[in-house]
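Structure assessment
This is what each chain is made of:
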Amino acid sequence: MPMTQTPPPPSATPATSALALVRVQIARACKDAGRDPSEVTLVAVSKTFEAGAIEPVIAAGQRVFGENRVQEAKAKWPALIEKHAGIQLHLIGPLQSNKAKEAVALFDAIHSIDRDSLCEALAKEIAAQKRDPLLFAQINTGAEPQKAGVLPQDADAFLKKCAETYGLKISGLMCIPPADEAPGPHFGLTAKIARRNGLKLLSMGMSADFADAILLGATHVRVGSAIFGGR
Ligand SMILES: *Cc1c(COP(=O)(O)O)cnc(C)c1O
């Protein structure tokens, strides 16, 4: 008899076990909120992790991924997209206007729209490349000077300008609550601004607080370390 070795099951990496747990937690939060789990998209945030760490998560069925830098995403995702059908890539970090062309070419969603120069650059590239990325405006709910995003009091006017001046179809809002505050009020404020502007999508909630975000209406949760581990 030849010696045989039992290969490990394909789903046995720490990241895929963690992914399964996050999915259970999302389902539970949806149940608590009386929401249909199909309303919540899990964006698996793979920033800083290499293709070898991402592959098992794709193999486990995850298709929506988030990255926060255009250059890093360009280096690792085109090969993965080629190899696996149905990948959707979301840009969740700040975007410089001079990278709008590359961002529109690579990403299926952009979560960080927050100023006129970026609107102008994105509108131009969306038209030129005939792409239709899902667009979110980022709201700086904590008015933190170091953080990107439109101030809450400027949000209505900014959204109006996106549509009327730039012809950009913004579908939702994104926020990143201040690290040292309870996230609930920030999620609530973001949801309120979206509601009064007729926007249906809410990108909010990360590893530590995605269940709270789902209770307050999140449609896109951006979860990194709870899946891939610490960075
Ligand atoms: C890194 C990042 C995340 C994921 O954060 P975790 O705490 O690792 O889940 C979510 N959103 C944005 C904008 C990020 O940059």
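In this text, all values refer to a predicted model and were calculated from it rather than measured experimentally. Sequence order as written defines residue numbering, which begins from 1 separately in each chain. Note on the predicted model: pLDDT of at least 70 is required for a residue's local features to be given, and 80 or more for side-chain atom pairs to be given and counted; whole-chain, interface and lining totals, by contrast, use all residues. In computing side-chain properties, one takes all heavy atoms of the structure into account and sets aside hydrogens as well as water.

For the rest of this paragraph, the subject is the overall build of the protein chain. Helix numbering and strand numbering both begin at the N terminus, where a helix is a DSSP run of H or I of at least 4 residues and a strand a DSSP run of E of at least 2. Along its length, the protein chain carries nine helices and eight strands. At 18 Å, the protein chain has a C-alpha radius of gyration in line with the 17 Å of a compact globule built from 231 residues. For the C-alpha atoms alone, the extent of the protein chain along its principal axes is close to 75 × 40 × 30 Å. A simple rule labels every residue: compare its accessible area, found with a 1.4 Å probe on the protein chains alone, to the largest value its type can have, and call it buried under 20%, exposed over 50%, or partly exposed in between. For the protein chain, with 231 residues in total, the buried portion stands at 47%. The protein chains shown are the only cover counted for residues, whose accessible areas, like all others here, come from Shrake-Rupley with a 1.4 Å probe. As displayed, the protein chain has an accessible area near 11,600 Å², and 56% of this comes from carbon and sulfur atoms. Asp and Glu are treated as the negative residues and Lys and Arg as the positive ones, with His and the ends of the chain left uncounted. The atoms used to mark charge sites are NZ of Lys, CZ of Arg, CG of Asp and CD of Glu. With 26 positive and 23 negative side-chain charges, the protein chain shows a separation of 2 Å between the mean positions of the two kinds. For the radius of gyration, the atoms used are the C-alpha atoms, and the globule rule reads 2.2 Å times the number of residues raised to 0.38.

This part covers unusual backbone geometry. Negative phi is the rule for most residues except glycine; trans is the rule for most peptide bonds. Of note in the backbone geometry, Thr48 takes a positive phi value of approximately 75° without being a glycine. Tracing the backbone shows Thr48 in the loop between strand E1 (41–45) and helix H2 (51–59). The phi dihedral of Ala143 is positive, around 45°, even though this residue is not glycine. Note on placement: Ala143 falls in the loop between strand E5 (134–139) and helix H6 (155–164).

Another point: the packing of aromatic side chains. The rule is short: rings of Phe, Tyr and Trp, with Trp giving its six-membered ring, pair when the centres are within 6.5 Å, and they are stacked under 30 degrees, edge-to-face over 60, tilted in between. Scanning all chains against the criterion turns up two aromatic pairs. When the ring of Phe65 is compared with that of Trp77, the centres are 4.9 Å apart and the planes differ by 40°; the resulting orientation is tilted. Residue Phe65 is located in strand E2 (residues 64–67), and its partner Trp77 is located in helix H3 (residues 70–83); the two are separated by twelve residues in the primary sequence. Grouping residues by exposure puts Phe65 and Trp77 together as buried.

This next bit is on the pairing of strand E6 (residues 170–175). Counting buried positions along E6 gives six out of six residues, so the element sits mostly inside the fold. The pairing criterion is simple: DSSP has to find at least two bridges between the two strands. Note that E5 and E6 share five bridges and pair parallel. Following the sheet pairing, Phe136 is matched in E6 by Gly172. The handedness rule is simple: strands pointing away from the viewer, and a clockwise path from the first strand over the helix to the second, make the crossover right-handed. As a crossover connection, the stretch from E5 through H6 into E6 is right-handed. As paired elements, E6 and strand E7 (residues 201–203) share three bridges and run parallel to each other. Across the sheet, the residue bridging to Gly172 is Leu201, located in E7.

Here the focus is helix H5 (residues 116–129). One fewer than the residue count of a helix, multiplied by 1.5 Å, yields its expected span. Look at H5: 20 Å from first C-alpha to last across 14 residues, which is about the 20 Å you get at 1.5 Å a residue. Among all positions of H5, only Leu118, Cys119, Ala121, Leu122, Ala123, Glu125 and Ile126 are buried. Working rule for contacts: check all heavy atoms of both residues, and any pair within 4.5 Å makes them a contact. Buried residues belonging to H5 abut helix H4 (100–106), strand E4 (109–113), E5 and H6. Positive phi shows up at Lys130, right after H5, with a value of about 50°.

All right, on to the site of the ligand then. Taken together, the neighbourhood of the ligand is formed by Val45, Lys47, Ile92, Ile176, Met206, Ser207, Arg222, Val223, Gly224, Ser225 and Arg231. Gly224 places a main-chain nitrogen or oxygen 2.8 Å from an oxygen atom of the ligand. Pairs of N or O atoms within 3.5 Å make up the polar contacts considered here, provided that, within protein, one atom can donate a hydrogen while the other can accept it, and that residues adjacent in sequence are counted only when both atoms are side-chain atoms. Between an oxygen atom of the ligand and a main-chain N or O atom of Ser225, the distance comes to 2.8 Å. For the ligand, the protein covers 89% of the area, taking 390 Å² as the surface of the free molecule. In terms of residue class, the shell around the ligand is built from five nonpolar, three polar and three charged. Distances are taken per atom, and a residue is near a molecule or strand as soon as one of its heavy atoms is within 4 Å of it. Put simply, Ala, Val, Leu, Ile, Met, Phe, Trp, Tyr, Cys and Pro go in the nonpolar bin, Asp, Glu, Lys and Arg in the charged bin, and everything else, Gly too, in the polar bin.

On to the pattern of salt bridges, then. A side chain with one charge can pair with a side chain of the opposite charge if their charged atoms come near. Salt bridge, as used here, is a side-chain nitrogen of Lys or Arg placed within 4 Å of a carboxyl oxygen of Asp or Glu. Tallying each qualifying case throughout the model produces 13 salt bridges. For Lys169, the salt bridge is made with Asp132, and the minimal N-O distance between the two is 3.6 Å. Taken as a pair, Lys169 in the loop between H6 and E6 and Asp132 in the loop between H5 and E5 lie far apart in primary sequence, 37 residues in all. For the residue pair Lys169 and Asp132, the accessibility class agrees, reading exposed in each case. Within this structure, Glu67, Glu72 and Lys76 form a network of salt bridges that share partners.

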